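Here are the chains, one letter per residue:
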Amino acid sequence: MQIIDGKKIAGEIKAELKATTERWLREGKRPPHLAAVLVGSDGGSETYVAHKMKACEQTGFQSTLIRFDSRVSENELLERIARLNADEDVDGFIVQLPLPPHIDERKIIETIDPAKDVDGFHPVNAGRMMIGLPCLLPATPAGIMELLRRCRIETAGKRCAVLGRSNIVGKPIAMLMAQKTQSGNATVTICHSRTKDLADVTRQADIIIAAMGQPEMLTADMVKDGAVVIDVGTTRTPSADAKSGWKLKGDVKFDEVAPKCSYITPVPGGVGPMTIVSLLNNTLQAASLKRSSCNS
Ligand code: GUN
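All residue numbers here refer to positions counted from 1 along the written sequence of the relevant chain. Predicted model: local features are reported for residues with pLDDT of at least 70 only, side-chain atom pairs are reported and counted for 80 or more only, and whole-chain, interface and lining totals are derived from all residues. The basis for the side-chain values is all heavy atoms of the structure; hydrogens and waters are excluded.

Trainee: Summarise the pattern of salt bridges; cite the residues concerned and give the values.
Mentor: Within this document, salt bridges are pairs made up of a side-chain nitrogen of Lys or Arg and a carboxyl oxygen of Asp or Glu, the two lying within 4 Å of each other. A full pass over the atoms with the stated rule returns 15 salt bridges. We note a salt bridge from Glu22 to Lys18, for which the minimum N-O separation is 3.4 Å. Here the residue Glu22 and the residue Lys18 both occupy positions in helix H1 (residues 6-26), the gap between them amounting to four residues, near one helical turn. Here Glu146 makes a salt bridge to Arg149, at a shortest N to O gap of 2.8 Å. Highlighted residues: Glu146 and Arg149, both in helix H6 (residues 139-150), separated by three residues, approximately one helical turn. Each helix is a run of DSSP H or I of at least 4 residues and each strand a run of E of at least 2, with the numbering of both proceeding from the N terminus.

Put into structure tokens, the structure is as follows:
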């Protein structure tokens, strides 16, 4: 059994990104620039955005954090997005989700210029991904695919169970795993809250990608010997041992599932760090495309 060290692999990718940024600087170009819009002060969102900004610093990317009070109006937010779309100095930006209930998330996402949509959430990017055209991929699925590639895990012809059907992870990762690409070509089953006899599906799977957001729901009896298990869950659960009062729990009951696996990702330190480097990679891609289209 091999525990996939997502933090180490993400560190290697950060070093590659930093080398690219340094080359750009030597060539007289400015570094890639990622902006993040954060509405309110939800603890999880604060942490995620802080990690994204820190990763920019580590790789020499420029970053800008734009904060709004949770009472910001939808119009004010839309107006700020329009300005980011038009800002030549910003290569890509994200609007951290979730947003307060009075703001229509879909409307916000659809206002982002698809060329700057480094989260890959805009319908244009989602649609292009679906038919295999070049696009900005959502960061978590892109990070999972990169982990599988870097660990040389065979996917072609394998049975893959994706647990969860969110727009951010479940649906796009299912599509990427099934696509006719080097790290795709799997036979994919998407499972969700209405799936009957989930364990029957997971026990047949060579690769399980758990993205339900239900702590420790995947237990040893649901996994066949030698399976590859990718845990996307990150639920904050109360913990008396932790200084913060909480700890992150994945969707997999790690201690009992790990001994059965050929490969497994831990939480934290598995998929999470890969999501962040994929976001940076998308920003680099957005910056490169912009420059090639205006010959600068
Ligand atoms: N909230 C949870 N995950 C994400 C993400 O990948 N991007 C954004 N913008 N918000 C999120």
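Trainee: An account of empty space enclosed by the protein is requested, with residue identities and associated values reported.
Mentor: A pocket, in this scheme, is an open set of points on a 1 Å grid over the protein atoms alone with protein on both sides within 12 Å along at least 5 of 7 lines, while a cavity is a set where a 1.4 Å probe fits but cannot get out; residues line either one if an atom lies within 4 Å of a point. Grid points are joined across faces, edges and corners, and a volume is the space filled by probe spheres set on the points. This model, assessed by the stated rule, comprises one cavity of 30 Å³ or more. As a volume, the largest cavity reaches approximately 40 Å³. Every residue along the wall of the largest cavity is listed here: Val95, Ile109, Ile112, Asp117, Asp119 and Phe121. In the lining of the largest cavity, the residues fall into four nonpolar, no polar and two charged. The classification used treats Ala, Val, Leu, Ile, Met, Phe, Trp, Tyr, Cys and Pro as nonpolar, Asp, Glu, Lys and Arg as charged, and all other residues, Gly among them, as polar.

Trainee: Quick one: what's the story with unusual backbone geometry, residue by residue and with numbers?
Mentor: Here the bond from Leu97 into Pro98 is cis, since omega is 5°, no more than 30 degrees from zero. Its location among the elements puts Pro98 in the loop between strand S4 (92-95) and helix H4 (105-111). Cis rather than trans, the peptide bond between Val267 and Pro268 has omega equal to 0°. In this fold, Pro268 is placed in the loop between strand S11 (261-264) and helix H10 (271-293). Phi at Asn185 is positive, roughly 60°, even though this residue is not glycine. When you line up the elements, Asn185 lands in the loop between helix H7 (170-178) and strand S6 (187-191). Exposure categories follow from relative accessible area, calculated using a 1.4 Å probe and restricted to protein chains: below 20% of the type maximum is buried, above 50% is exposed, and the middle band is partly exposed. Judged by relative accessible area, Asn185 falls into the partly exposed class, the value being 35%. The residue Glu216 is not glycine, and still its phi comes out positive at about 55°. Checked against the element boundaries, Glu216 lands in the loop between strand S7 (207-210) and strand S8 (227-231).

Trainee: Account for the side chain of Lys116, naming residues and giving values.
Mentor: For Lys116, the location among the structural elements is in the loop between H4 and helix H5 (123-130). One buried charged side chain, Lys116, makes no salt bridge at all; its nearest oppositely charged neighbour is Asp87, positioned 5.8 Å away. Polar side-chain contacts of Lys116 include one of 3.1 Å to the backbone oxygen of Asn85. Any two residues whose heavy atoms approach within 4.5 Å are treated as being in contact. In contact with Lys116, other than residues within four places in its own chain, are Leu84, Asn85, Ala86, Asp87, Val90, Asp91, Gly92 and Phe93. Under this rule, positive means Lys or Arg and negative means Asp or Glu; His and the chain ends count for nothing. By the criterion applied in these results, polar contacts are pairs of N or O atoms within 3.5 Å in which, for protein atoms, one can donate a hydrogen and the other can accept it, and in which residues neighboring in sequence qualify only through two side-chain atoms.

Trainee: Explain the sheet that holds strand S5 (residues 159-163) residue by residue, including any values.
Mentor: Pairs of strands are assigned from DSSP output, requiring at least two bridges between the strands. Sheet architecture is open: six strands sit in the order S1-S11-S8-S7-S5-S6, paired in parallel fashion. The sheet is open, and its two borders are formed by strand S1 (2-3) and S6, each paired with just one other strand. The pairing of S5 with S6 spans five bridges and is classified as parallel. Its bridge partner lying in S6, Val162 is registered against Ile190.

Trainee: Go over the pairing of S4, please, and point to the residues and values.
Mentor: The alternating pattern of S4 places Gly92 and Ile94 and Phe93 and Val95 on opposite faces, both of which are buried. By the bridge criterion, four bridges tie strand S2 (residues 33-39) to S4 in an arrangement that is parallel. Residue Val37 lies in a different strand from S4, and its bridge partner there is Val95.

Trainee: Tell me what's going on with helix H3 (residues 74-86), and back it up with residues and numbers.
Mentor: Helix span, expected: 1.5 Å multiplied by one less than the number of residues in the helix. With 13 residues, H3 ought to run about 18 Å at 1.5 Å a step, and its terminal C-alpha atoms sit 19 Å apart, in line with that. Every buried residue belonging to H3 is among Glu74, Leu77, Leu78, Arg80, Ile81 and Leu84, and all of these are buried. Angular distribution of buried residues about the axis of H3 spans 160°; they occupy a single face of the element. Looking at H3, the residues exposed on the side facing more than 90 degrees away from the buried face are Asn75 and Ala86. Here, the arc refers to the directions that run from the helix axis to the C-beta atoms.

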